[in-house]
Amino acid sequence: MLLHLTFLSFLFLRADAGSVAHGGACSLEHQRLEGGTYQFYTDCDSMTFCNSSTSTCDVRGCRKDIFPFGYTLGATLPPMCGDSEFCPDEEDMCLQLLDVGSPCQFNRDDQCLGPPNHHELADTTGYGLNVNGSVCLNNVCMYANVTLGQTCVVQNTAYVAYGPDGAEYPDVVSRGNCQVGLYCDSQSLQCMQTRELGQACDADKECSTYNCLASGVCGLSSDTPKYVANWVYVIVGVGIVAGMAATLVGMFLFHKKHSAIEREKRMQYWKEQTNFRENILHMQATTRNSMLYFANATGGAPSSPRSTLYGMMSEDSHMPMLQGAARSSALRYAVSDDGSEASAEQLVVPRGEKRF
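Residues numbered from 1 in each chain as written. Predicted model: local features only at pLDDT ≥ 70, side-chain atom pairs only at ≥ 80, totals over all residues. Heavy atoms only, no water.

### Focus on the overall build of the protein
How we decide: Starting at the N terminus, helices and strands are each numbered in turn, a helix being any DSSP run of H or I of at least four residues and a strand any DSSP run of E of at least two. Burial status follows relative accessibility: with a 1.4 Å probe on protein chains alone, a residue under 20% of its type maximum counts as buried, one over 50% as exposed, and anything between as partly exposed.
Along the backbone of the protein there are four helices and 15 strands. Expressed as a percentage of its 356 residues, the buried residues of the protein come to 26%.

As structure tokens, this is what we get:
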């Protein structure tokens, strides 16, 4: 809830600027607080304000934030105000802090002058209960010094908030002028003691942590850091180590299985190649034995396997072999059936003629 309140505070402290640039016409009648967010709206852009004397947008004379919104890169920033001054929503010039009872702008606690004992009343919780012991409630400066059981002033403001689904719902922020550690009850208008963790509550302001849970009890502050026990770190560490080990083991087993499959494929290939070679050798041996058997069956007795190719001698085999030493090239001559010689040029078939 605290983060939500901080976001809402940022909304209503920031001005919702228009689009009129420096020198353009503007109207003070258009200046207002936007409904739901309570942002200050003006016709002028983020770097100018509407000058009431000229009804034109003029350069701003002060700024509220160290890093103001809407300025271009390299632009000259207006000065910050001193400790005894404040910059109004219009940001036209620095003004002196306002005394108690003076009118102030909406939720601008910083416009009010602190009480003499502001060091004792100042809010140090970080929840934005007051500024230097002063608050601006219902647009009036007052001291946040009302004690337990005394009559107090309360201001209830309904902001428009948005849920995770984008639906709008009202978020009521209640403020009072009680001292830190007390809250102003909206029914009795008296300062009541804030409640501790686990006690029943109806609103955030009733809890010292400013966080009333949906169950109706005060819970931890919304900015409380989350701590876990040491055993959680041990379990997470063991889980990480176990996950890494399981990943490595799984990769090793997968690689081993893949290697076994590839090795089986190579073994199968080698076996097939070996069987193929053995089959070829067997075929050669069978062929050689068959030829030896055929030669023996015809009455020949070759002394070697090579001689089986010439074991069957015909009468033509006794004829002398033709000698080609007198010819320069055997490619240019051919032997006809009748023993006459013919050159290769004579055997060339003329182009265009067909031979069958």
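### What about the confidence of the model for the protein?
Do not read the fine detail of predicted coordinates wherever pLDDT is low. Test applied: Note on scores: pLDDT gives the predictor's confidence for each residue, bounded by 0 and 100. Whether two residues touch is decided by their heavy atoms; if any such pair falls within 4.5 Å, the residues are in contact.
When the pLDDT values of the protein are averaged, the result is 82; 79% of them are 70 or greater. The low-confidence segment residues 1-14, where pLDDT is below 50, has 30 contacts with residues more than four positions distant or belonging to other chains. Below pLDDT 50 for its whole length, residues 321-356 participates in 18 contacts with residues either more than four positions away or in separate chains.

### Concerning unusual backbone geometry
Backbone geometry places Glu91, a non-glycine residue, at a positive phi of 55°. When you line up the elements, Glu91 lands in the loop between strand 6 (85-86) and strand 7 (95-96).

### Overview of the pattern of salt bridges
Defined as follows: Throughout this description, the term salt bridge denotes a Lys or Arg side-chain nitrogen within 4 Å of a carboxyl oxygen of Asp or Glu.
For the structure on display, the rule yields eight salt bridges. The shortest N-O distance in the salt bridge between Asp89 and Arg108 comes to 2.6 Å. Placement of the pair is Asp89 in the loop between strand 6 and strand 7 and Arg108 in the loop between strand 7 and helix 2 (118-121), with a sequence separation of 19 residues. For the pair shown, Asp89 and Arg108 are each scored as buried. For the salt bridge of Arg175 with Asp109, the shortest nitrogen-to-oxygen distance reads 2.4 Å. Taken as a pair, Arg175 in strand 11 (residues 168-176) and Asp109 in the loop between strand 7 and helix 2 lie far apart in primary sequence, 66 residues in all. Neither Arg175 nor Asp109 differs from the other in exposure class; each is buried. One salt-bridge network, held together by shared partners, links Lys64, Asp89, Arg108 and Asp110.

### Looking at the state of the cysteines
In plain terms, the rule: The rule for a disulfide is simple: a pair of cysteine sulfur atoms within 2.5 Å.
For the structure shown, the criterion picks out ten disulfides. One disulfide bridge connects Cys112 with Cys141, the sulfur atoms lying 2.0 Å from each other. In this structure, the disulfide formed by Cys112 and Cys141 twists by about -80° around the S-S bond and is classed as left-handed. Placement of the pair is Cys112 in the loop between strand 7 and helix 2 and Cys141 in strand 9 (residues 140-143), with a sequence separation of 29 residues. Take Cys112: its relative accessible area is 5%, and that puts it in the buried class. Disulfide pairing is shown between Cys207 and Cys218; the S-S distance is 2.1 Å.

### Here's the deal with a nonpolar patch on the surface
Note the following rule: Patches here: salt-bridge-free residues with over 30% relative accessible area, like charges joined within 9 Å, nonpolar side chains (Val, Leu, Ile, Met, Phe, Trp, Tyr) joined within 5 Å. Computed with the Shrake-Rupley method and a 1.4 Å probe, the accessible areas treat only the protein chains shown as cover for residues.
A contiguous nonpolar patch, built from Ile66, Phe67 and Met80 and spanning about 380 Å² of accessible area, is present on the exposed surface. Position of Phe67 among the secondary structure elements: in the loop between strand 5 (56-59) and strand 6. Residue class for Phe67 comes out exposed when judged on its relative accessible area of 75%.

### A few points about empty space enclosed by the protein
To find leftover empty space, one rolls a probe the size of a water molecule over the atoms. For clarity, the cut-off: Think of a 1 Å grid over the protein atoms and nothing else: a 1.4 Å probe that fits but is trapped marks a cavity, an open set flanked by protein within 12 Å on at least five of seven lines marks a pocket, and residues with an atom within 4 Å of a point count as lining. Grid points are joined across faces, edges and corners, and a volume is the space filled by probe spheres set on the points. Under the scheme applied, nonpolar residues are Ala, Val, Leu, Ile, Met, Phe, Trp, Tyr, Cys and Pro; charged residues are Asp, Glu, Lys and Arg; polar residues are all the others, including Gly.
The final tally for this structure, using the stated rule, is three cavities of 30 Å³ or more. Size it by volume and the second largest cavity reaches roughly 50 Å³. Phe40, Thr42, Phe49, Asp89 and Glu90 are, among the ten residues lining the second largest cavity, the residues nearest its centre. No other element matches the three residues that strand 4 (residues 48-51) contributes to the lining of the second largest cavity. Considering only residue class, the lining of the second largest cavity consists of four nonpolar, three polar and three charged.

### Points about the nonpolar core
Test applied: Only buried residues count toward a nonpolar core. Its members are Ala, Val, Leu, Ile, Met, Phe, Trp, Tyr and Cys residues joined through side-chain atoms within 4.5 Å.
Grouped together as the largest cluster of nonpolar side chains are seven residues: Val146, Cys152, Val154, Cys178, Leu182, Cys184 and Cys191. In contact with Cys184, other than residues within four places in its own chain, are Cys152, Val153, Val154, Gly176, Cys178, Leu189, Gln190, Cys191 and Lys205.

### As for the side chain of Thr194
As a reminder, the rule being used: Polar contacts here mean pairs of N or O atoms no more than 3.5 Å apart (in protein, one a potential hydrogen donor and the other a potential acceptor; neighbouring residues in sequence count only if both atoms are side-chain atoms).
Tracing the backbone through its elements, the reader meets Thr194 in the loop between strand 13 (191-193) and helix 3 (230-297). Polar contacts involving the side chain of Thr194 include one to the main-chain carbonyl oxygen of Gly181, which spans 3.0 Å. Ignoring any residue separated from it by four or fewer positions in sequence, one finds Thr194 in contact with Gly181, Leu182, Tyr183, Lys205, Glu206, Cys207 and Ser208.

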